Amino acid sequence: MEYRRLGRTDLNVSLLCLGTMTWGQQNTEADGHAQMDYALEQGINFFDTAELYSIPPRPETQGSTERIIGSWFKARGSRDKVILASKVIGRSDSTWYRDDGSKGELSRAQIEEAVNKSLKRLQTDYIDLYQIHWPDRPMPWGSNPTIFRHQEGQSHPIAETVEIMTDLVKAGKIRHFGLSNESAWGTMTFLKHADAKGQARVQSVQNAYNLLNRTYEVALAEVTMHENVSLLAYSPLAQGYLTGKYLDGARPPGARTTLFSRGQRYENPTAEAAIRKYIALAKEFSLDPAQMALAFVNSRPFLTSNIIGATSMEQLKTDIASIEVTITPELEERINAIHVEHCNPCP
């Protein structure tokens, strides 16, 4: 296993990060424990969760993933072997996260309530990386976020959020903080306020990045390289669509899209054409399509850790084995040719 430095911290995280969001719905507590056992044996020292999980968001399962991780920490005594990341929700109309039924927002009271609840569920005294799951301000979350439409709306000032996170670091509840589903402007604004006052600096951005969505390269990759803000890539398999298992409308039993119908982002004619070409390319090079897709993400110079998720041990073993796959110059050239032809069909 390869390890890379997280932002400007002294933490070296594994190239692969264990995603956990299925635990509590698609996976049982026993499944989650088995996955953590195996991942740790394979050298993965980085786990990612959130107060929102499991997925899809539901009042009755909220926090279930953190509780499963917490019971594993207690049973195994392995807290010191894991670099743990969790998240607080951004602005939301959902009312089941807070004790008083408030809608989600990044106020001091809500962030402090969220982190205290996460610590209790996780059965730990600290979280290594505490991330803002999505911004507090309005963002273009529509059908195509690459078409910019400015939106007005309520939000807490970013400077205020930096101050809150700094206070959590000083209190020892978190070691560092990061962002998720964030833009280049948002990331740089967080950095500007932190650097101006010597406060806690953003160390990471957790955004979608895969063969069907390389929009991170447009602006944020440069931020990563110059500011040492780590990319933690989620959905490296495009919710499983890059394996080809959903082609021609297929719905395998137990798969996420089959159960929850949440794959619309990856369902359009351009995406399907691109997926077919990537799968054919993998076969031409005698590679598993999933491993080729993961290896491409692994090989990016602006990546720190690639967040993999699995609902079976077979999937997990296949995903972890992607670290043995090399993206040769010839293969990268062929991948880029498909990308130019079908550029970011699933932003």
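Keep in mind it's a predicted model, so treat the numbers as computed, not measured.

Definitions and limits used
Residues numbered from 1 in each chain as written. Predicted model: local features only at pLDDT ≥ 70, side-chain atom pairs only at ≥ 80, totals over all residues. Heavy atoms only, no water. Helix = DSSP H or I, 4+ residues; strand = E, 2+ residues; numbered from the N terminus. Rg over C-alpha atoms; globule rule 2.2 N^0.38 Å. Buried < 20%, exposed > 50% of the residue type's maximum accessible area, 1.4 Å probe, protein only. Areas by Shrake-Rupley, 256 points an atom, 1.4 Å probe, with all protein chains shown as cover. Lys, Arg positive; Asp, Glu negative; His and termini not counted. Charge placed at Lys NZ, Arg CZ, Asp CG, Glu CD. Axes fitted to C-alpha atoms, helices over the stretch in contact; angles between N-to-C directions. Parallel < 35°, antiparallel > 145°, perpendicular 65-115°, else oblique. Left-handed = near helix turned anticlockwise from the far one by under 90°. Contact = heavy atoms within 4.5 Å. Nonpolar A, V, L, I, M, F, W, Y, C, P; charged D, E, K, R; others polar. Phe/Tyr/Trp six-rings, centres within 6.5 Å; stacked < 30°, edge-to-face > 60°. Lys NZ or Arg CZ within 6 Å of the ring centre and 35° of its normal. Pairing = 2+ DSSP bridges. Right-handed = clockwise from strand over helix to strand, strands pointing away. Core = buried A, V, L, I, M, F, W, Y, C linked by side-chain atoms within 4.5 Å. Arc of directions from axis to C-beta. Salt bridge = Lys/Arg side-chain N within 4 Å of Asp/Glu carboxyl O. Disulfide = S-S within 2.5 Å.

**Student:** Explain the overall build of the chain here, please?
**Tutor:** Scanning the chain from N- to C-terminus turns up eleven helices and ten strands. A compact globule built from 347 residues should have a C-alpha radius of gyration of about 20 Å, and the chain, at 19 Å, falls within 12% of that. Seen along its three principal axes, the alpha-carbon backbone of the chain occupies a region of about 55 × 45 × 35 Å. Among the 347 residues that make up the chain, the fraction classed as buried is 56%. Working note: accessible area of the chain is about 14700 Å², and carbon and sulfur atoms make up 50% of it. Between the averaged position of the 37 positive side-chain charges in the chain and that of its 41 negative side-chain charges there is a distance of 2 Å.

**Student:** How do you make sense of the packing of helix H4 (residues 158-171) against helix H5 (residues 184-197) when you look at a structure like this?
**Tutor:** The description of two packed helices rests on the angle between their axes and on the distance between the axes. At a minimum axis separation of 9 Å, H4 and H5 run at an interaxial angle of 60 degrees. Between H4 and H5, the angle is such that the two are oblique. Like other packed secondary-structure pairs, H4 and H5 cross with a definite hand, here right-handed. Here H4 contributes Ile158, Ala159, Thr161 and Val162 to the contact with H5, which in turn contributes Trp185, Gly186, Thr189, Phe190, His193 and Ala194. Grouping the constituent residues of the contact of H4 with H5 by class yields six nonpolar, four polar and no charged.

**Student:** Would you mind showing me how to read the packing of aromatic side chains here?
**Tutor:** The description of an aromatic ring pair uses the distance of the two centres, along with the angle that the planes make with each other. A full pass over the atoms with the stated rule returns nine aromatic pairs. Centre to centre, the rings of Tyr209 and Phe302 are 5.5 Å apart; their planes meet at 90 degrees, and the pair counts as edge-to-face. Highlighted residues: Tyr209 in the loop between strand E8 (202-208) and helix H6 (220-227) and Phe302 in the loop between helix H9 (289-298) and strand E10 (303-308), separated in sequence by 93 residues. Assigned by exposure class, Tyr209 and Phe302 land together as buried. Site record: aromatic cluster; members linked through ring pairs are Tyr209, Tyr216, Phe296 and Phe302. In this structure, Arg79 is placed above the aromatic ring of Tyr126, and the distance from its NZ or CZ to the ring centre is 4.1 Å. Over the aromatic face of Tyr38 sits the side chain of Lys317, whose NZ or CZ is 5.5 Å from the ring centroid.

**Student:** Is there a simple way to think about the environment of Phe190 in this case?
**Tutor:** With respect to the secondary-structure elements, Phe190 resides in helix H5. Assessed through its relative accessible area of 4%, Phe190 is described here as buried. In sequence terms Phe190 and Ala114 are 76 residues apart; their C-alpha atoms lie 20 Å from each other. Excluding residues within four positions of it along the chain, Phe190 makes contact with Ile132, Ile158, Thr161, Val162, Phe177, Leu179, Glu182 and Val202.

**Student:** I'm lost on the pairing of strand E7 (residues 174-180) in this one. Help?
**Tutor:** With six of seven residues buried, E7 is to be regarded as a mostly interior element. With five bridges joining them, strand E6 (residues 127-132) and E7 adopt parallel strand pairing. Each bridged residue has a counterpart across the sheet, and for Ile127 the counterpart in E7 is Ile174. Taking the sense of rotation as the criterion, the β-α-β connection linking E7, H5 and E8 turns out right-handed.

**Student:** When you look at the sheet that holds strand E5 (residues 83-88) in this model, what are you seeing that I'm missing?
**Tutor:** Strands belonging to one sheet form pairs held by backbone hydrogen bonds; the direction of such a pair is parallel or antiparallel. The parallel closed barrel is built from eight strands, whose spatial order is E3-E4-E5-E6-E7-E8-E9-E10. Adjacent strand axes in the sheet meet at a mean angle of 30 degrees, parallel and antiparallel pairs treated alike. When E7 meets E8, the two strands line up parallel, connected through three bridges. Residue pairing in the sheet places Ser180 in a bridge with Gln206 of E8. Helix H3 (residues 108-122) contacts E5, E6 and E7 of the sheet and is inclined by roughly 140 degrees relative to E6. Most of the contacts of H9 go to E10, to which it runs at about 155 degrees, and overall it touches strand E3 (16-19), strand E9 (230-234) and E10.

**Student:** Whenever I open this one, the nonpolar core confuses me. Can you help?
**Tutor:** Note that soluble globular proteins tend to have their nonpolar side chains buried in a common cluster. Membership of the largest hydrophobic core comes to 83 residues, with the highest contact counts inside it found for Phe47, Tyr130, Met165, Phe177, Leu212 and Tyr278. Once residues lying within four places of it in the same chain are set aside, the contact partners of Tyr130 are Ser86, Lys87, Val88, Ile111, Ala114, Val115, Met165, Leu168, Ile174, His176, Phe177 and Gly178.

**Student:** I tried to follow helix H10 (residues 313-320) on my own but got confused; where do I start?
**Tutor:** Because an α-helix completes one turn every 3.6 residues, residues spaced three or four positions apart along the sequence face the same direction. Residues Leu316, Asp319 and Ile320 constitute the buried set of H10. Viewed along the axis of H10, the buried residues span an arc of 95 degrees, placing them on a single side of the element. Contacts made by the buried residues of H10 are with E3, helix H1 (29-41), H9 and E10.

**Student:** Sorry if this is basic, but what is going on with the pattern of salt bridges here?
**Tutor:** Opposite charge on two side chains lets them pair, provided their charged atoms get close. Evaluated as defined, the whole model comprises 25 salt bridges. Two residues, Arg201 and Asp195, come together in a salt bridge whose shortest N-O distance is 3.1 Å. Salt-bridge contacts for Arg214 lead to Glu217; the nearest nitrogen and oxygen are separated by 2.6 Å. Accessibility expressed as a relative area gives 6% for Arg214, which makes it buried. When salt bridges with common partners are traced through the structure, they connect Asp10, Arg79, Asp128 and Arg175 into a single cluster.

**Student:** Is there a simple way to explain the state of the cysteines in this structure?
**Tutor:** By definition, a disulfide links the sulfur atoms of two cysteines through a covalent bond. A full pass over the atoms with the stated rule returns zero disulfides. Sulfur of Cys346: no disulfide; nearest cysteine sulfur belongs to Cys343 and is 11 Å away.

These figures come from the coordinates and say nothing about function on their own.
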